[in-house]
Amino acid sequence: MTPSVPDLMFYAFAVLILACGALVAFSRNIVHSGFALLGVFTGVAGLFGLASATFIAAAQLIVYVGGVLVVILFAVMLTKGIGEPRRSNPMVHPVPALALSIGLTALCVLAALSFHGNAPPPEPPDSVAPLGDALLGPYLLPFEFLSLLLLAVLVGAVMTVRKEIKPGKEERA
Amino acid sequence: MEMIEIRGLWLLPVIPLIGGTLNGLFGAKIQRRWGERAVQVLAIAAAALSFAVAVLLFAKLASLAPVQRGLLCHCFDWIRTGGFTVPMAFWLDPLSGLMVLMVTFVGTLIHIYSTTYMRGDSGTWRYFSFLNLFLAAMLTLVLADNFVLLFVGWEGVGLCSYLLIGFWYKDQDNARAGLKAFVTNRVGDLGLLLGVAALFWSLGGGWNAAASAPAHAERMTLVFREVQGQASFLAGARVFGMPAATLVCLLLLWAATAKSAQIPLYVWLPDAMAGPTPVSALIHAATMVTAGVYLIARMHFLFALSPVAMTATALVGACTALFAATIGLFQHDIKKVLAYSTISQLGLMFMAVGVGAFTAGIFHLLTHAFFKACLFLGAGSVIHAMHHALGHSGDPKDLDPKDLDPKDLDPKDLDPQDMRNMGGLGRFLPKTRFTYLTACLAISGFPILAGFFSKDEILWKSFINANTLISGRVLWMIGAVSSFLTAFYMFRSYFKAFSGNFRSGPKAAEKLHESPAAMTGVLWVLAVFSAVAGWIGLPALWRLPNWIDGWLEPVFEGSRPLIRWHEASHSAEWGILLASVAIALAGFGLAALLFRNARSSAPSVFVRALPSIHRLIYGKYFVDELNQATVISGTRRLSELCDATDRRAVDGLVNGIGSAGRRLGRLSGLNDSAIVDGAVNGIAAVAGFAGRLMRLVQTGRVQTYLYVFTGGAAIAVLARALFFH
Amino acid sequence: MTLHIGLSHYLVVAALLFGLGLVCVLTRRNAIGLLMGIELMLNAATVNLVAFGRFLQNGVSGQVFALFVMVLAAAEAAVAMAVVLAVNRSMKTIQVSETVHLKE
């Protein structure tokens, strides 16, 4: 059985994800971690594409890379007290964490491997239109809630970081 | 005897009761507002009214046939338990009729006498209240239909006696005399209670009462008539191993000795002379002291069943008569002489009922009431005069130098009752003298006068009696000797007081005067009765009617079969009678010889010759001292022992419990502070420790929390995978 | 391991990514580093969801769910960064070991 192109692409993306993930996890430099995160997001987006979730892949890139990553990087830049960037994100007590996570991961992998051997179903058609129908059909309510949530998040984030204006004190521009 | 229901008999004791209560509650106010007069009028009205009622009732009684002479007034059932009832009922039969008449008559007279005697005393209202109350109690006693009501009256007269003896209570001695009378009476009351209880027991009450019910239930009664109805049953009854009649009679005799001042419980009567003289006349001569004789006469049927009890009674009476007469020989205080004379005469009455001559005993009781009251009131009149005479001039210089040494000042120099201060009063108090003389003649047993008939009857019956275990002749002998002594010392007192010269000086003599009409009037009345009262019991020997015998015959019918007399000839009877006359004359003669006009020095020679005997007899044989040393100090030591026991044992126990309690408390406190608090604190410490442990979980670090829950999740999943399929 | 990509491959990848994210979360002291770990874990979960959506015939429900998770993750990242900035302003640090004021 020769691997097909999609399979190879899958493996490529998988390697990207895992390598960048390792960087995120083990890098001492927070900026390095941040940029490795970019690789992870991209890899994940590729995986989504391979799984015929094209819209989700696009959304992943837009939201995560264009949104979350930017926010994270802004936060990194804006926070003082990060200290020396090169040693700004060390690992603390790695051993118990590794043990625990290796254990849990092993469990999950074992669980995942139990799905081995199932024949993949046929390629589904384009998913965007059915997704739109679903969002505005059966999943309308959660969709609306999400919009409310986003509003709340917006307001909350602004509230959290705004500076208090004390009465009688002019805010220096 | 049949019975007739009558209403209104209860008025007799209640009228003086109301009078006494009114004077008692409001007397002070009445006396303040309207004076003594009002109080006296109230009291005399009550007494006189009760006398009037008594007369009416007596008349009614007399109008009935002899066999029907019994008036019952049943007011209500006082005590009712099971089959036993004590009624509040009054019973007028010939015996109580006589007593009631005598009590109210003499009582009223003495009330009148007291108006003058007690004039000016601030406590007049108290006096008359007590006097009325006494009348009420005595009437209750005499009219009582059953033992319980009799006991009420018994106690009542005891109480009034105490109140009146200690009337001038501000003087300690008077109060003590009153207390002595009361306590001695109390000792006797124990006898009465025990006697009644024994009677009840033998009638079927007691432990086996339930077992011997209901057939015998109707036997249980304390009403006199009904007990008499059980006489045949009581004849054979035994209680506590003794014949019932003997035991009950001996106990009742004990009670009577206290009330009627016989040996050994007579000691209160001489001291009782501390009270006002009218009180002595009423209570301690005519009425209260006769209650004992009355009780024995009432229980004649029971006494007749027991020769032992009769002998005891007669013996006690005879010995007391002699004993008291000897003491009376040497007394100087005129009231003391009369007191011992009373004791002696009561002894004669006891002797009479002891030998079975119940009628004679009651007869003597009646005559004695009149002449003894007359004697006492006469003495009161004398004292009244002497008080005026001596009270204002106690100057020894005024006293006759012949009789005393003016250098020593004896208390007797100021004592209005001491006969050595008197003399020649006959000139100043003629009416008193005449009545006193009459009474003396009566008590000595001079023929025709009252005492003669009654005393002779007693002596004769004692002589021929076949009921006592002692020969009647012995009793007669004792009685005769005491009669001789009686005549002697009575006339001694008469001559010492009324004849010769006044021994307290001319200054005092000027103040002597006859007593007011209220007093002398009463004396006259009593003297007349002393003279003629004997005529109700004229001896059959003289072929004259003996009214009292017939009157009291239905009462003593029950015991008649049991009372036996020796056969005696008329000549014997005449002999005894003449002996009595001879005794009386001899006594009179000897007294006149020694004491008339105080001419003879024999008495003082006698005293100086036999000083020890004189001291013994003058000291009343030191009986009081003997009592003090034995009974009283013995009782006191017993009470001290009990007190010590109480204080040491009981209090010790109580204190011990207290301190044990305290120690227990301390222990408990320790327990509380150490253990309980320790436990509580321990729990708190554990909680704190646990908290401190738990706090370690709250690191505040997110990673810790993450560790914990991811670890937990891993374990849960692993467990699920491994153990649960 | 077959070279033909099946559901298990996706799931294994997701599991490993999740493990890496867990390590990151448990060992980082820097708040932002910590949050990066969270993002990794969320992404792993989303991969899982999409894979299941693809390989089980559920229509588009897998993708819808993944979309929602994505939105939430973004929102959460935004808020978290805001908090970090605020904490940084007041405590001058973003070391989570310093923010232990709730410790007893």
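Rules used throughout
- Residues numbered from 1 in each chain as written.
- Chains lettered and ligands numbered in written order.
- Predicted model: local features only at pLDDT ≥ 70, side-chain atom pairs only at ≥ 80, totals over all residues.
- Helix = DSSP H or I, 4+ residues; strand = E, 2+ residues; numbered from the N terminus.
- Buried ≥ 20, exposed ≤ 12 C-beta atoms within 10 Å, placed from the backbone.
- Contact = placed C-beta atoms within 7 Å.
- Expected span 1.5 Å × (residues − 1).
- Bend = angle between axes of the 7 residues up to and from the residue.
- Axes fitted to C-alpha atoms, helices over the stretch in contact; angles between N-to-C directions.
- Parallel < 35°, antiparallel > 145°, perpendicular 65-115°, else oblique.
- Left-handed = near helix turned anticlockwise from the far one by under 90°.
- Nonpolar A, V, L, I, M, F, W, Y, C, P; charged D, E, K, R; others polar.
- Pairing = 2+ DSSP bridges.
- Right-handed = clockwise from strand over helix to strand, strands pointing away.
- pLDDT = per-residue confidence, 0-100.
- Core = buried A, V, L, I, M, F, W, Y, C linked by C-beta atoms within 7 Å.

## Observations concerning the overall build of chain A
- Within chain A one finds 6 helices and 0 strands.
- Traced from its N-terminal end to its C-terminal end, chain A shows the element sequence α-α-α-α-α-α.
- Counting across all 173 residues of chain A, residues that qualify as buried make up 27%.
- Long-range pairs, those at least 24 residues apart, make up 59% of the contacts in chain A between residues at least 6 apart in sequence.

## Examining the overall build of chain B
- Scanning chain B for helices and strands turns up 27 helices and 5 strands.
- Evaluated residue by residue, chain B yields a buried proportion of 49% over its 725 residues.
- For chain B, restricting intrachain contacts to residue pairs at least 6 apart in sequence, the fraction spanning at least 24 positions comes to 80%.

## Quick look at helix α26 (residues 623–695) of chain B
- Its 73 residues place the ends of α26(B) 101 Å apart at the C-alpha level, agreeing with the 108 Å of an ideal helix rising 1.5 Å per residue.
- Approximately 30 degrees is the largest bend angle found in α26(B), and it occurs at B:S633.

## A closer look at the packing of helix α4 (residues 94–113) of chain A against helix α1 (residues 7–27) of chain C
- Closest axis-to-axis distance for the α4(A)/α1(C) pair is 9 Å, and the angle between their directions is 165 degrees. In this view, α4(A) runs roughly antiparallel relative to α1(C), as classed from their interaxial angle. With respect to the hand of their crossing, α4(A) and α1(C) are arranged in right-handed fashion. Of α1(C), the residues touching α4(A) (which contributes A:P94, A:A97, A:L98, A:L100, A:S101, A:I102, A:L104, A:T105, A:C108, A:V109, A:A112 and A:L113) are C:S8, C:L11, C:V12, C:A15, C:L16, C:F18, C:G19, C:L22, C:V23, C:L26 and C:T27.
- When the residues that make up the contact of α4(A) with α1(C) are grouped by side-chain class, the tally is 18 nonpolar, 5 polar and no charged.

## Examining the interface of chain C and chain B
- Each side of the interface is counted separately: chain C has 10 residues, and chain B has 10 residues.
- Looking at side-chain class alone, the side of chain C that touches chain B contains 6 nonpolar, 2 polar and 2 charged residues.

## A look at the sheet that holds strand β2 (residues 71–81) of chain B
All names here are of chain B.
- The sheet built from 3 strands is open, its strands ordered β1-β2-β3 with mixed pairing. At either margin of the open sheet sits one strand with a lone partner, and together these are β1 (4–5) and β3 (84–92).
- As defined by bridge partners, β1 adjoins β2 across 2 bridges and the pair is classed as parallel. From the neighbouring strand, I4 faces β2, where its bridge partner is L71.

## Points about the pairing of β2(B)
Residue and element names in this part refer to chain B.
- The β-α-β motif built from β1, the intervening helix α1 (residues 11–63) and the parallel element β2 has right-handed crossover chirality.
- Two elements, β2 and β3, share 9 bridges in a ladder whose sense is antiparallel. From the neighbouring strand, H74 faces β3, where its bridge partner is A89.
- Between β2 and β3, which pair antiparallel one after the other, the connecting turn spans 2 residues, and G82 there sits at a positive phi close to 60 degrees.

## Digging into the confidence of the model for chain B
All names here are of chain B.
- Mean pLDDT over chain B: 83, with 93% of residues reaching 70 or higher.
- Below pLDDT 50 for its whole length, residues 392–402 participates in 24 contacts with residues either more than four positions away or in separate chains.
- Our summary of model confidence lists the complex with pTM equal to 0.64 and ipTM equal to 0.89.

## Quick look at the nonpolar core
Residues and elements named next belong to chain B.
- Counting residues in hydrophobic clusters, the biggest one holds 222 residues, and the most contacted among them are F134, L252 and A373.
- Among the elements that make up this core, the one with the highest residue count is helix α15 (residues 358–392) (21 residues).
- Excluding anything up to four places from it in sequence, L252 contacts G191, L192, G195, L295, I296 and M299.

## Notes on helix α2 (residues 30–50) of chain A
- Given a rise of 1.5 Å per residue, 21 residues ought to cover 30 Å, and the 30 Å separating the end C-alpha atoms of α2(A) matches this to within 8%.
- Just downstream of α2(A), A:S52 is the residue with a positive phi angle, here 60 degrees.

## Brief notes about the interface of chain A and chain C
- The partner chain C presents 62 residues to the 76 residues of chain A that form the contact.
- At the level of elements, α1 (5–26), α2, α3 (54–78), α4, α5 (128–136) and α6 (140–161) of chain A are the ones that each hand at least two residues to the side of chain A that touches chain C.
- Among the residues making up the side of chain A that touches chain C, the classes are represented as 57 nonpolar, 17 polar and 2 charged.

## Overview of the packing of helix α17 (residues 430–444) of chain B against helix α21 (residues 517–532) of chain B
Residues and elements named next belong to chain B.
- Two elements in contact, α17 and α21, have axes separated by 9 Å at closest approach and are oriented at 25 degrees. With respect to α21, the axis of α17 lies roughly parallel. For α17 against α21, the interelement crossing comes out left-handed. Contacts from K431, T432, T435, T438, A439 and A442 of α17 reach α21 at T520, L523, W524, L526, A527, S530 and A531.
- Grouping the constituent residues of the contact of α17 with α21 by class yields 7 nonpolar, 5 polar and 1 charged.

## So, unusual backbone geometry
- Of note, the amide linkage connecting B:I263 to B:P264 takes the cis form, showing an omega dihedral of -5 degrees.
- Summarising the element assignment, B:P264 is placed in the loop between α8 (244–259) and α9 (268–271).
- A positive phi angle, near 60 degrees, is found at A:S52, a position not held by glycine.
- By secondary structure assignment, the location of A:S52 is in the loop between α2 and α3.
- Residue A:S52 is classed as partly exposed on the basis of its 17 C-beta neighbours within 10 Å.
- For B:A261, which is not a glycine, the phi torsion comes out positive at approximately 55 degrees.

## Brief notes about the environment of B:A357
Residue and element names in this part refer to chain B.
- Among the secondary structure elements, A357 is positioned in the loop between α14 (334–355) and α15.
- In the structure, A357 is positioned 101 residues away from I458 in sequence and 7.1 Å away in space, judged by C-alpha atoms.
- Filtering out sequence-adjacent residues up to four positions away, A357 remains in contact with A352, E457, I458 and K461.

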